[in-house]
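Observations on the three-dimensional arrangement
Chain residues, written in single-letter form:
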Amino acid sequence: FTDRCGVCKDKASLLISMLRAAGFESYAAMTMAGERIDDVPADQFNHSVTVVKRRNGEYQLLDPTWVPGVRELWSSAEQQQGYLMGLPEGADLQYTPISAPENHYVRIYGKSKLDKTGLLKGSFTITAEGQSDATVRRIFSGVRTEWDKNLEKEILRFHPNARITKVTHTDNDKYLEQPVSITYEYEIPYYAFIGENEIMFTPPLASGVFKRAMGHVYTNTSAETKKFGFRDRCSRLVEINEEMELPKYSEALPLPSAESVESKYVSFDGAYQLEGKKLVFSETISLGKRVYEAEEWPAYRQAVINQNHFAEQKIILKK
């Protein structure tokens, strides 16, 4: 407290002291961040946290190291993780519960217009909650003078020729009051390939805006099966919707498509709809936990493949 610094055990100890001073019953607990703990007596711990006894007699986990700046008291990046409470009467190894994907949603809604020269003008809004909120909000980490630059970098990752015409966002100092929300207005010259007889492009939101909040899209899907379990960073729900106004055309080639995925913990649904000069794209990916069994790999893998498939495929219109 005096030095304003310390590692996890120092922060956990300080929180215990403050809780006890406030009249709560509180103790230290140990866990193995990001790794499993086997049910054998051995040194398998690398992280110290805090437990506090609730009115109903149950203990609640608190992590003063990982949750500052996050909209939850216990990091759901630590779900399905073993932990051991340091209670006077002793305790057995327990596991943190699964956090529903809706607690960590990423929602992106946008509208755009493509003209006959290939110029794209549009806007989109991204909102996020839980661990997804924390991932998006890292744009605002560091000194305030860098925030605008970080906001620009994010859209330049999507397209190097993008120009931001306006950006608004929630007050990062009031993160506990509401989830993060960022709205971009942008334009991208020569976004589409304009040929003699065709127009080719991928709608901006389908191509992968704010992939920083969708770590699953970077998963190596080359293996069709797995012998052992695998992990994501956190459960999450991704919802992407975009309406795109198209230039004049005479015919559209078959639109990209992908089969839906539905399992206990993984689902995917995505499609295009073309109505005259309006193209609508929608995509929903639900990943229901952090630690998966080997037999759950095919569904997870297919959901990732499907999302990346839409990001890579082109819409082709004949003039």
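Summary of the structure given here. Note that residues are indexed from 1 along each chain, following the sequence as it is written. Selection of residues for local features in this predicted model requires a pLDDT of at least 70, selection of side-chain atom pairs for listing and counting requires 80 or more, and totals for whole chains, interfaces and linings are taken over all residues. Excluded from the side-chain calculation are hydrogens and water; included are all heavy atoms of the structure.

A word on the environment of I155
Runs of E in the DSSP output that reach at least two residues are strands. Runs of H or I that reach at least four are helices, and both are numbered from the N terminus. Of note, I155 is situated in helix α3 (residues 147-158). In this structure the C-alpha to C-alpha distance between I155 and V217, which are 62 residues apart in sequence, comes to 17 Å. In what follows, a contact means two residues having at least one pair of non-hydrogen atoms within 4.5 Å. Among all residues touching I155, those that are not within four sequence positions of it are F124, A162, I164, Y184 and Y186.

Re the sheet that holds strand β6 (residues 105-114)
By definition, the strands of a sheet pair up through backbone hydrogen bonds, in either a parallel or an antiparallel sense. Strand order across the open sheet formed by 8 strands is β8-β9-β7-β6-β13-β17-β16-β15, with mixed pairing between neighbours. On the outer flanks of this sheet lie β8 (163-169) and β15 (261-262), each paired with one strand and no other. Bridge count between β6 and strand β7 (residues 120-128): 9 bridges; the pairing is antiparallel. Note on β7: the bridge partner recorded for R107 is T127. Any two strands between which DSSP finds at least two bridges are classified as paired.

A closer look at the layout of surface pockets
The computed volume of the largest pocket comes to approximately 330 Å³. The wall of the largest pocket is formed by 16 residues, among which R36, R231, V291, Y292 and E293 lie closest to the centre. In the scheme used here, Gly and all other residues not listed as nonpolar or charged are polar, with Ala, Val, Leu, Ile, Met, Phe, Trp, Tyr, Cys and Pro taken as nonpolar and Asp, Glu, Lys and Arg as charged. Split by residue class, the lining of the largest pocket holds 6 nonpolar, 3 polar and 7 charged. Cavities and pockets were defined on a 1 Å grid built over protein atoms only: a cavity is a set of grid points that admits a 1.4 Å probe from which the probe cannot escape, a pocket is an open set flanked by protein on both sides within 12 Å along at least five of seven lines, and lining residues are those with an atom within 4 Å of any such point. Grid points are joined across faces, edges and corners, and a volume is the space filled by probe spheres set on the points.

Some words on the pattern of salt bridges
Criterion for a salt bridge: a side-chain nitrogen of Lys or Arg within 4 Å of a carboxyl oxygen of Asp or Glu. Under the defined criterion, the tally for this structure stands at 14 salt bridges. The partner of R231 in a salt bridge is E35, with the nearest N and O atoms 3.6 Å apart. Pair noted here: R231 is in strand β12 (residues 230-231) and E35 is in the loop between β1 (26-31) and β2 (47-53), with a separation of 196 residues, a long-range link. Partly exposed residues are those whose accessible area sits between 20% and 50% of the maximum for their type, while under 20% is buried and over 50% is exposed, using a 1.4 Å probe and protein chains only. A residue is classified by how much of its surface remains accessible, and E35, at 42% relative accessible area, is partly exposed. In this structure, the salt-bridge partner of R36 is D38, at a minimum N-O distance of 3.3 Å. The network of salt bridges with common partners includes E154, R157 and R212.

Describing empty space enclosed by the protein
Under the defined criterion, the tally for this structure stands at 1 cavity of 30 Å³ or more. The volume enclosed by the largest cavity comes to roughly 70 Å³. In terms of lining, the largest cavity is formed by 13 residues, of which the most central are A206, S207, G208, Q307 and A311. For the lining of the largest cavity, the class distribution of residues is 7 nonpolar, 4 polar and 2 charged.

Any link to function would need more than the numbers given here.
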